[in-house]
Amino acid sequence: MTSTVFISYRRNDAKWAASAIHSELCKHLGNDKVFKDVDSIALGRPWRVALEDALDKCEATLVLIGDKWLDGGPDGRLHQDGDLVREEIAVSLARAIPVVPVTLDDTALPKPTDLPDDIVELIEMQGISVSHETYKREVESLVMLLGLRRTGDGAIKAGAPPPDLDGGLREGLVKFLSDYGQWSFSPLRIAKWGARQDGFSFLSKYSSGEIGAELKSMVADGVAETRTSKKGGTLYRLRR
């Protein structure tokens, strides 16, 4: 199975939301493009292997956060080694793919001090809030913002893919940062994730070092700006 979206959640915390969001995403993207443990792991297959496989192939991870997410309950606790939710987030962050915190109803984002060091970057990521009353509309907006498309039957949900742009690295970076302006990016994330997005495959011709050098030049020219991640890394976006 090739997953586009991986849904990370705790069953005792976000069971309704995981099922509802999974159902809506499948409508937009196709059943084979969304991974949610019990709905996506074949009978008789080792579940940990299936999870690792899905994380290796996904294009985005949604982290569903309800009011019991930190405590964990029978699913484990976030600060314990081996907690699956913690592992899912850590792997996703290490892969430099979009990781979207999805707070449910009135749940607030956790504080940095609430999180283990290997996933503290989660709270820096642009997220969304989903309500049980309006989740269908919010999932539709999420699909559009992530630039996800249905490919299994040829239907395009978010519009036709743009032609691949190759007018030079700076022009490509400006277009990329404009299209995905809801986030700030590291050079590595642009090189690994950005190059896989429709219209931006030409970015694969450049190393993360070359992309980083051009981004620094864009900052010097007033085209882009930076912010520092919790881990001390430099993230880039177009100047606002």
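Bear in mind that the values here come from a model prediction, so they are computed numbers and not experimental data.

(A) Expanded view of the overall build of the protein. When you go through the protein residue by residue, the secondary structure sums to eight helices and seven strands. Taken across its 240 residues, the protein has 48% of its residues classed as buried. Within the protein, counting contacts between residues at least 6 apart in sequence, those at least 24 apart form 72% of the total. Working note: accessible area of the protein is about 11500 Å², and carbon and sulfur atoms make up 50% of it.

(B) Here's a closer look at the pattern of salt bridges. The final tally for this structure, using the stated rule, is 11 salt bridges. Here Arg196 and Glu59 are joined by a salt bridge, their closest N and O atoms 3.2 Å apart. Separated by 137 residues along the polypeptide, Arg196 in the loop between helix H7 (187–192) and helix H8 (208–220) and Glu59 in the loop between helix H3 (47–57) and strand S3 (60–65) bring together distant segments of the chain. The closest approach of N and O atoms between Glu225 and Arg239, which form a salt bridge, is 3.9 Å. Taken as a pair, Glu225 in strand S6 (residues 224–228) and Arg239 in the segment after strand S7 (234–238) lie far apart in primary sequence, 14 residues in all. Classification of Arg239 as partly exposed rests on a relative accessible area of 46%. Where salt bridges share partners, they join Arg170, Glu214 and Asp221 into one cluster.

(C) Quick peek at the pairing of S6. Strand direction decides the pairing type here: S6 and S7, joined by five bridges, are antiparallel. By the bridge assignment, Thr226 is partnered in S7 with Tyr236. Taking the residues between adjacent antiparallel strands as the criterion, S6 and S7 are bridged by five residues, where Gly232 takes a positive phi near 90 degrees.

(D) Structural detail: the packing of helix H6 (residues 169–179) against H8. Interhelical geometry of H6 versus H8 gives an angle of 80 degrees and a closest axis separation of 10 Å. When the axes of H6 and H8 are compared, the pair comes out roughly perpendicular. Here Leu169, Arg170, Leu173, Val174 and Leu177 of H6 lie close against H8, whose contacting residues are Glu210, Ile211, Glu214, Leu215, Ser217 and Met218. Within the contact of H6 with H8, the residues separate by chemical class into seven nonpolar, one polar and three charged.

(E) A look at the environment of Phe6. Tracing the sequence through the fold places Phe6 in strand S1 (residues 5–8). The class of Phe6 is buried, set by a relative accessible area of 1%. In sequence terms Phe6 and Val34 are 28 residues apart; their C-alpha atoms lie 6.1 Å from each other. Apart from the residues within four sequence positions on either side, Phe6 is in contact with Phe35, Leu51, Ala54, Leu55, Cys58, Ala60, Thr61, Leu62 and Glu88.

(F) Spatial organisation of the packing of aromatic side chains. One pass over the full model with this rule turns up nine aromatic pairs. Ring geometry for Trp16 and Tyr135: centres 6.4 Å apart, planes at 65 degrees, overall edge-to-face. Highlighted residues: Trp16 in helix H1 (residues 11–29) and Tyr135 in helix H5 (residues 135–146), separated in sequence by 119 residues. Residue class for Trp16 comes out partly exposed when judged on its relative accessible area of 35%. Residue Tyr135 is classed as buried on the basis of its relative accessible area of 18%.

(G) Seen up close, the sheet that holds S3. The sheet built from five strands is open, its strands ordered S2-S1-S3-S4-S5 with parallel pairing. Of all the strands in the sheet, the pair left with one neighbour each is strand S2 (34–35) and strand S5 (128–130). Here H5 sits on the sheet and contacts S3, strand S4 (99–104) and S5; the angle it forms with S5, its principal contact strand, is near 155 degrees.

Rules used in this analysis
Residues numbered from 1 in each chain as written. Predicted model: local features only at pLDDT ≥ 70, side-chain atom pairs only at ≥ 80, totals over all residues. Heavy atoms only, no water. Helix = DSSP H or I, 4+ residues; strand = E, 2+ residues; numbered from the N terminus. Buried < 20%, exposed > 50% of the residue type's maximum accessible area, 1.4 Å probe, protein only. Contact = heavy atoms within 4.5 Å. Areas by Shrake-Rupley, 256 points an atom, 1.4 Å probe, with all protein chains shown as cover. Salt bridge = Lys/Arg side-chain N within 4 Å of Asp/Glu carboxyl O. Pairing = 2+ DSSP bridges. Axes fitted to C-alpha atoms, helices over the stretch in contact; angles between N-to-C directions. Parallel < 35°, antiparallel > 145°, perpendicular 65-115°, else oblique. Nonpolar A, V, L, I, M, F, W, Y, C, P; charged D, E, K, R; others polar. Phe/Tyr/Trp six-rings, centres within 6.5 Å; stacked < 30°, edge-to-face > 60°.

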